[in-house]
Amino acid sequence: MSIPELFRCPISLDLFADPVTLSTGQTYDRASIEKWLGYGNSTCPVTMQRLHDKSLVPNHTLRHLIEQWFLTASIHGDGSVLMDPINSMDISLSELKRNLRLPTSTLTTKLETLRIIKVLSSESSVRQASLVQAGFFQLLLHVLFQAPVAHNAEVTELALDGVLNLLPSADLESLNMLRKESSLTQLVFLLDQSNVKIKTALCCLLETIAACSATQELCLMLGRRQRVLQILVSLLQQKSDAQASEAAVRAVCSLCSSEANRATAIREGAVDSLIAYLAGTGCAPRSRNRSAARALATLELLLGLEIGKRKMNKNPDAIATLVKMVFRVPSDQRGSEHAVGSLLLVCCDSATVRREAIDAGVLTKLLLLLQSQSSAQAKTKARALLKLLIPVIKKQVL
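Residues numbered from 1 in each chain as written. Predicted model: local features only at pLDDT ≥ 70, side-chain atom pairs only at ≥ 80, totals over all residues. Heavy atoms only, no water.

**Considerations on the overall build of the chain**
Move 1: What the chain contains, in helices and strands, is 21 helices and five strands.
Move 2: Expressed as a percentage of the 398 residues in the chain, the buried residues total 51%.
Move 3: Long-range contacts, defined as pairs at least 24 residues apart, comprise 64% of the intrachain contacts of the chain with a sequence gap of at least 6.
Move 4: As displayed, the chain has an accessible area near 18,800 Å², and 53% of this comes from carbon and sulfur atoms. (Helix = DSSP H or I, 4+ residues; strand = E, 2+ residues; numbered from the N terminus. Buried < 20%, exposed > 50% of the residue type's maximum accessible area, 1.4 Å probe, protein only. Contact = heavy atoms within 4.5 Å. Areas by Shrake-Rupley, 256 points an atom, 1.4 Å probe, with all protein chains shown as cover.)

This is the structure in structure tokens:
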């Protein structure tokens, strides 16, 4: 077995002798990074970030892990390693857990530990399962939502990275710890006050909560927190960060899959925000277009409520935006179906809306859709909408 990548210096690729950490959070062997800086370089070798602070902080956590690893490893002259991987893993994980649990651990120690957990949790599904079995998923949730140190942005970012990495292997029942009032309050605080990166990661966590059957009560509790949906709707409109708005769309759509959350979402501006989001997908990257179908499906659900229709009718851009989504190139069958379905819902109750849809060019879009390879459901809705619009067209002709 080779030396674990975590224990190798990124510059020399040799086992760390004296691990030190730069201000960027990257760890190097002291001799290697001092040589790098001695050549006049002023950037971090891995991230290439400019170093405004060139101080080197000893990484005691990593040093201890390497020392303990040596207890169960035997390194030969050719670089090969004989070791008991299970005992070595147990020793290392125990050290990491102790660093996070001890209230006397310094902030530096906690950060070093969380960086190591982030690396370990991204290595493989086997390693993720080992970390989950050792209790790290629950421990990271505790760091995020119960421990005072979570107010440190870097701690929060690293802990969230670990949680999201472990989600595929975790028992999601553990997320129900957020039903505790203090933990839920902390989640709302982080969602409200943190930077965009943290908000984006929390959106991914909320999406998982809403989609999991084991956390449906928690999903309803989140929906009853008006501030949660206010923040998500605001983030959805984040034009400067496409990744954040994408994550917010997925979170809002997931929360709205629960019928009990829809009226609150509408009151907090979800209809207008989804319309604005869809209006911006026309020239957006493909990754954003992939979320358009989901946004349209959610909009159709919201329009099933009278309050949703009223909100839609007050939005001057709504009908034109939906008409554009009826038929697109390349074809988006699911999106087309939900766009037509949304128009059908609002056109049923209003002759004014029917005329507005016709003026926006919906007839051409519907005919193109009917001639395309779109789904049977989309075509059924398209025919129903045409049936509604034909009397209006006849009146205009006469």
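**Side note on the packing of helix H4 (residues 107-121) against helix H7 (residues 153-166)**
Move 1: Orientation of H4 relative to H7, taken along the N-to-C sense of each, is 25°, at an axis distance of 9 Å. Classed by the angle they form, the pair H4 and H7 counts as roughly parallel. Note that H4 runs across H7; the crossing there is left-handed. Counting all contacts with H4, which are made through Leu-107, Leu-111, Leu-114, Arg-115, Lys-118 and Ser-121, the residues of H7 involved are Glu-154, Val-155, Leu-158, Ala-159, Asp-161, Gly-162, Asn-165 and Leu-166.
Move 2: Residue classes in the contact of H4 with H7 are distributed as seven nonpolar, three polar and four charged. (Axes fitted to C-alpha atoms, helices over the stretch in contact; angles between N-to-C directions. Parallel < 35°, antiparallel > 145°, perpendicular 65-115°, else oblique. Left-handed = near helix turned anticlockwise from the far one by under 90°. Nonpolar A, V, L, I, M, F, W, Y, C, P; charged D, E, K, R; others polar.)

**Quick look at the environment of Arg-98**
Move 1: Positionally, Arg-98 belongs in helix H3 (residues 85-101).
Move 2: Owing to a relative accessible area of 39%, Arg-98 belongs among the partly exposed residues under this scheme.
Move 3: With 15 residues separating them along the chain, Arg-98 and Thr-113 place their C-alpha atoms 9.7 Å apart.
Move 4: For Arg-98, the contacting residues outside a window of four places in its chain are Gln-68 and Ser-105.

**Section: helix H16 (residues 306-314)**
Move 1: Every buried residue belonging to H16 is among Gly-308, Lys-309 and Met-312, and all of these are buried. Taken around the axis of H16, the buried residues stretch over an arc of 100°, which confines them to a single face. (Arc of directions from axis to C-beta.)

**Considerations on the side chain of Glu-268**
Move 1: Counting through the fold element by element, Glu-268 comes out in the loop between helix H13 (259-267) and helix H14 (270-279).
Move 2: An unpaired buried charge is present at Glu-268: no salt bridge exists, and Arg-267, the closest side chain of opposite charge, is 5.5 Å distant.
Move 3: With sequence-adjacent residues up to four places away left out, Glu-268 is seen in contact with Gln-226, Leu-229, Gln-230 and Val-233. (Lys, Arg positive; Asp, Glu negative; His and termini not counted. Salt bridge = Lys/Arg side-chain N within 4 Å of Asp/Glu carboxyl O.)

**Notes on the layout of surface pockets**
Over the atoms, a rolled probe matching the size of one water molecule traces out where space is still vacant.
Move 1: Of the voids in this model, the second largest pocket is the one considered here, and its volume is about 470 Å³.
Move 2: Around the second largest pocket, the lining comprises 23 residues; the ones closest to its centre are Gly-25, Gln-26, Thr-27, Arg-115 and Val-119.
Move 3: Secondary-structure elements contributing two or more residues to the lining of the second largest pocket are H4 and H7.
Move 4: The dominant element in the lining of the second largest pocket, judged by the number of residues it contributes, is H4, at five residues. (1 Å grid on protein atoms, 1.4 Å probe; cavity = no way out; pocket = protein on both sides within 12 Å on 5 of 7 lines; lining within 4 Å. Points joined across faces, edges and corners; volume = space filled by probe spheres on them.)

**With respect to unusual backbone geometry**
Move 1: A positive phi angle, near 65°, is found at Leu-13, a position not held by glycine.
Move 2: Take Leu-13: it is sitting in the segment before strand E1 (19-21).
Move 3: One non-glycine residue, Met-48, lies in positive phi territory at about 60°.
Move 4: Mapped onto the elements of the fold, Met-48 is located in the loop between helix H1 (30-38) and strand E3 (57-58).

**Points about the state of the cysteines**
Move 1: Under the counting rule described, the total for this entry stands at zero disulfides.
Move 2: Among the cysteines around Cys-203, which has no disulfide bond, Cys-204 carries the closest sulfur, lying 6.9 Å off.
Move 3: There is no disulfide at Cys-348, and the cysteine sulfur nearest it, in Cys-347, is 7.5 Å away.
Move 4: We classify Cys-348 as partly exposed; its relative accessible area is 44%. (Disulfide = S-S within 2.5 Å.)

**Topic: the confidence of the model for the chain**
Move 1: Confidence in the prediction for the chain averages 86 pLDDT; 89% of positions are at 70 or higher.
Move 2: Overall, residues 74-91 carries pLDDT values under 50, and its contacts beyond four positions in sequence, including any with other chains, amount to 30 contacts. (pLDDT = per-residue confidence, 0-100.)

**Focus on the environment of Ser-169**
Move 1: Along the chain, Ser-169 falls in the loop between H7 and helix H8 (181-193).
Move 2: With 36 residues separating them in the primary sequence, Ser-169 and Gln-133 have C-alpha atoms 9.2 Å apart.

**Concerning the pattern of salt bridges**
Move 1: Overall, the coordinates contain 16 salt bridges when judged by the stated rule.
Move 2: Note that Glu-154 and Arg-115 form a salt bridge whose closest N and O atoms lie 2.7 Å from each other. Of this pair, Glu-154 sits in helix H7 while Arg-115 sits in helix H4, and the two are 39 residues apart along the sequence.
Move 3: By relative accessible area, which is 33% here, Glu-154 ends up partly exposed.

**What to know about H13**
Move 1: Buried within H13 are the following residues: Asn-261, Arg-262, Thr-264, Ala-265 and Ile-266.
Move 2: Phi turns positive one or two residues past the end of H13, at Gly-269, with a value near 100°.

**Brief notes about the sheet that holds E3**
Move 1: Pairing within the open sheet is antiparallel, and its three strands lie in the order E2-E1-E3. Each edge of the sheet is formed by a strand with only one pairing partner; in this case those strands are strand E2 (27-29) and E3.
Move 2: Contacts from H1 reach E1, E2 and E3, with the element oriented near 95° to E2. (Pairing = 2+ DSSP bridges.)

**Some points on the environment of Leu-303**
Move 1: Residue placement: Leu-303 occurs in the loop between helix H15 (286-302) and H16.
Move 2: When its relative accessible area of 0% is taken as the criterion, Leu-303 is described as buried.
Move 3: Along the primary structure Leu-303 and Ser-342 are separated by 39 residues, whereas in three dimensions their C-alpha atoms are 6.7 Å apart.
Move 4: Leu-303 has contacts with Gly-308, Lys-309, Met-312, Ser-342, Leu-345 and Val-346, leaving out every residue within four places of it along the chain.

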